[in-house]
Amino acid sequence: MILIWGKLLGVAAVLTLMVLHDWRSMPSYTKREKTAYCALTGLGAILAILLVIDPQMPGPTQWLDVIYKPLVDLMEKFTVRRNG
């Protein structure tokens, strides 16, 4: 349990350093660009934390396989039927 908290603190430290470093170079950016940066960084942080908690969690490519598998099966049936 202590190991997980250490990893989570490590993720938080890296994210903090990354944001502090990048934010200094962003004074001329628009509010929209800063919002997009925060949103993407937040999503990355959530994924990193989830991977620390459950390293065997399926990745985004496996999620896409689940989503598109019915479409692929349908296209294969259509192709086989059409080609004979």
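Note that the structure is predicted; figures quoted are calculated from it, not measured.

1. Remarks on the overall build of the protein
A tally of helices and strands in the protein yields three helices and zero strands. When its helices and strands are written in sequence order, the protein yields α-α-α. In terms of C-alpha radius of gyration, the protein reaches 21 Å, well past the compact-globule figure of 12 Å for 84 residues. With respect to the principal axes defined by its C-alpha atoms, the protein has extents near 60 × 40 × 10 Å. By the burial criterion, 10% of the 84 residues in the protein qualify as buried. About 7400 Å² of surface is accessible on the protein, with carbon and sulfur atoms providing 71% of the total. Charge centroids of the protein, computed over 9 positive and 6 negative side chains, lie 6 Å from each other.

2. Notes on the packing of aromatic side chains
Taken as a whole, this structure holds one aromatic pair when the rule is applied. Between Trp 23 and Tyr 37, the ring centres sit 6.3 Å apart and the planes meet at 50°, which makes this aromatic pair tilted. Of this pair, Trp 23 sits in helix 1 (residues 2-24) while Tyr 37 is found in helix 2 (residues 31-53), placing the two residues 14 residues apart along the sequence.

3. With respect to the pattern of salt bridges
Considering all chains together, one arrives at one salt bridge under this definition. Of the charged contacts, one joins Asp 73 and Lys 69 as a salt bridge, the two residues approaching to 3.5 Å between their closest N and O atoms. One end of the pair, Asp 73, and the other, Lys 69, are both in helix 3 (residues 60-83), four residues apart, so they sit about a helical turn from each other. When its relative accessible area of 29% is taken as the criterion, Asp 73 is described as partly exposed.

4. With respect to the UniProt feature "transmembrane region" (unreviewed entry) in the protein
Under the feature "transmembrane region" (unreviewed entry), the UniProt entry names residues 6-23 and 35-53. Taken end to end, residues 6-23 is 100% helix and 0% strand, and its two terminal C-alpha atoms sit 25 Å from one another. End C-alpha to end C-alpha, residues 35-53 measures 27 Å, and it is 100% helix and 0% strand.

5. Brief notes about the packing of helix 1 against helix 2
At a minimum axis distance of 10 Å, the contact between helix 1 and helix 2 shows a crossing angle of 165°. When the axes of helix 1 and helix 2 are compared, the pair comes out roughly antiparallel. As for the relative orientation of helix 1 and helix 2, their crossing is right-handed in sense. Here Ile 4, Lys 7, Leu 8, Val 11, Leu 15, Met 18, Val 19, Asp 22 and Trp 23 of helix 1 lie close against helix 2, whose contacting residues are Lys 34, Tyr 37, Cys 38, Thr 41, Ala 45, Ala 48, Ile 49 and Val 52. Among the residues making up the contact of helix 1 with helix 2, the classes are represented as 13 nonpolar, one polar and three charged.

Analysis parameters
- Residues numbered from 1 in each chain as written.
- Predicted model: local features only at pLDDT ≥ 70, side-chain atom pairs only at ≥ 80, totals over all residues.
- Heavy atoms only, no water.
- Helix = DSSP H or I, 4+ residues; strand = E, 2+ residues; numbered from the N terminus.
- Rg over C-alpha atoms; globule rule 2.2 N^0.38 Å.
- Buried < 20%, exposed > 50% of the residue type's maximum accessible area, 1.4 Å probe, protein only.
- Areas by Shrake-Rupley, 256 points an atom, 1.4 Å probe, with all protein chains shown as cover.
- Lys, Arg positive; Asp, Glu negative; His and termini not counted.
- Charge placed at Lys NZ, Arg CZ, Asp CG, Glu CD.
- Phe/Tyr/Trp six-rings, centres within 6.5 Å; stacked < 30°, edge-to-face > 60°.
- Salt bridge = Lys/Arg side-chain N within 4 Å of Asp/Glu carboxyl O.
- UniProt positions renumbered as here; feature names shortened; annotations may be inferred.
- Axes fitted to C-alpha atoms, helices over the stretch in contact; angles between N-to-C directions.
- Parallel < 35°, antiparallel > 145°, perpendicular 65-115°, else oblique.
- Left-handed = near helix turned anticlockwise from the far one by under 90°.
- Contact = heavy atoms within 4.5 Å.
- Nonpolar A, V, L, I, M, F, W, Y, C, P; charged D, E, K, R; others polar.

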